[in-house]
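Topology and contacts: notes
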Amino acid sequence: MQQGTLAGCRARVSTGSFARTRTVKANATLLSRPPSSNKQQPASSQQSAQQSQQQHKPYARPPVKSSDEIVAMILGGGSGNDLWPLTNSRAEPAVPFAGLFRLIDVPLSNCIHSGISNIYVLTQYNATSLNRHLSRAYQFLNNVTFVGHGCGFVETLAASQRPGLDAKEAWYQGTADAVRRYLYLFDEAKHEACEDVLIMAADQLYRMDYTQLLNYHRAKGADVTIATTPADEEHATHLGVLTVDRECNVLEFYEKPPRAQLATMSIDTMEYGFADSEEEATSKPFVASMGMYVIKRKVLLDLLSTRFPRAVDFSRDILSLSRGELKICAYPHRGYWEDVGSLKDYYAANMALAADSSRLGLFDRDAPLYSEARVLPPSKVHGASVADSLLGDACRVAQGSVVRGSVIGSCAFIGRDCDIQDSIIFG
């Protein structure tokens, strides 16, 4: 039975990835060259298009053609102090959400739907449950033809003792230090065709077609592209904040700026193409980093090995000091995104999912979230009331109980006459 389930997963991934990749490539082509048309364009439009093409031609690169050109690195080694006590016995990326998934499932599912097959997950604190989940949920991807060839993999890269390092230095010191430890992997034959490295966090909820981000990065001829989202003042003080010009070139980059400095960094995020509406632009006047970067392979190796050999963090120690030296662009992510690295934001995101007010799209048939395939019975509600809630697999709600606006994890048992409201219960 289990073998049949995995075979079904393989079929779904193969079909979804091929279809998704074809769609993305068709759209991505428009980034590097204007679409052909039989209709005659106005002279001003033709002149503008020609100038734009000439302006970008010297440094623009062609769209992604093969998954071998991309390596994804998911940073899952943080201690997760802001999610304590949820991270008492598990890594932050292994924290459950929506009653059925783990946070790590979001970037991994986005990778699968974007046709990215070379995936590393960097782990460190409390990694046992995370490693177990990755081996059970994504083992079917390893060496399976799910994006057109049989070389796909999801591998964990754990912090470990190295010759010449003391016990303290063995741990990842930050995002840049973690990636630096494994730069030697890019010398392997399987990464010979790699041109860009996609680096991202594992404590966020969002949907993104990474291929559009990658092709934007190439069309801009950027050395580094930072995925960004509009943010309000409260969230901006906890994120990296950028100022940009109208071409989305990054002018300034500050990690967690104080409110006094933040006041000088606001822009009309709708006019600059980051917000979807004037209402959103008014409430979110700042351009914030999503902690996601696309970096040219050669540039990454040079930054971490030569120019900043002791740098600890990408945003604080490298990107904020590289303005004017590198071509750094901002990619406007115009969709749902939520950093759930704190208890407050984690709770709010789960409550929005329960109330069906979230835009994460748990029930998107074309782009499902993948997770561990469990063989469990259905949930059962016997003589109880359940409203505006999410229930995982194999839950039981006994007679007389009331569950409202809550998220109930798989295999949870709720006894008789319980009153549960606005709560998150792990299974």
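Residues numbered from 1 in each chain as written. Predicted model: local features only at pLDDT ≥ 70, side-chain atom pairs only at ≥ 80, totals over all residues. Heavy atoms only, no water.

Omega for the peptide link from Trp84 to Pro85 comes to 10°, which places this bond in the cis form. Tracing the backbone shows Pro85 in the loop between β1 (70-76) and β2 (96-97). Positive phi is not limited to glycine here, since Cys411 has a value of about 70°. Along the chain, Cys411 falls in the loop between β19 (407-408) and β20 (413-414). The exposure class of Cys411 is partly exposed, given its relative accessible area of 44%. A positive phi angle, close to 55°, is found at Asp417, a residue other than glycine. With respect to the helices, strands and loops of the structure, Asp417 is situated in the loop between β20 and β21 (419-421). (Helix = DSSP H or I, 4+ residues; strand = E, 2+ residues; numbered from the N terminus. Buried < 20%, exposed > 50% of the residue type's maximum accessible area, 1.4 Å probe, protein only.)

Turning to its location among the elements, His113 is positioned in helix α3 (residues 105-113). A relative accessible area of 8% places His113 in the buried class. Within the structure, the side chain of His113 is placed 2.7 Å from the backbone oxygen of Pro368, a separation counted as a polar contact. (Polar contact = N/O pair within 3.5 Å; in protein donor to acceptor, adjacent residues only side chain to side chain.)

Further remarks concern the side chain of His191. Examined against the element boundaries, His191 turns out to sit in the loop between α5 (175-180) and β6 (196-201). Overall, the relative accessible area of 0% leaves His191 in the buried class. Non-local contacts of His191, meaning those with residues more than four positions away in its chain, are made with Val71, Asn118, Tyr120, Phe153, Leu185, Phe186 and Arg297. (Contact = heavy atoms within 4.5 Å.)

Counted according to the given criterion, the structure contains 18 salt bridges. Across the pair Arg374 and Glu372 runs a salt bridge, and its minimum N-O distance is 3.9 Å. Here the salt bridges share partners, and the residues they tie into one network are Arg61, Glu69, Glu195, Asp196 and Arg218. (Salt bridge = Lys/Arg side-chain N within 4 Å of Asp/Glu carboxyl O.)

Bringing the confidence of the model for the protein chain into the picture now. For the protein chain, the mean per-residue pLDDT works out to 83, and 81% of the residues sit at or above 70. Ignoring residues within four places in sequence, the model shows residues 1-57, a span with pLDDT below 50, making 41 contacts including any to other chains. (pLDDT = per-residue confidence, 0-100.)

Another aspect to go through is the sheet that holds strand β16 (residues 390-391). Spatially, three strands are ordered β16-β19-β22 in an open sheet, and the strand pairing comes out parallel. Each end of this open sheet is capped by a strand with a single partner; those strands are β16 and β22 (424-425). (Pairing = 2+ DSSP bridges.)

One pass over the structure, following the stated rule, counts five aromatic pairs. Plain terms: the ring middles of Tyr182 and Tyr184 are 5.9 Å apart, the flat faces sit at 40° to each other, and that makes the pair tilted. Under the relative-accessibility criterion, Tyr184 is labelled partly exposed at 45%. One residue, Lys190, lies across the ring of Phe153, its end atom 4.3 Å from the ring centre. (Phe/Tyr/Trp six-rings, centres within 6.5 Å; stacked < 30°, edge-to-face > 60°. Lys NZ or Arg CZ within 6 Å of the ring centre and 35° of its normal.)

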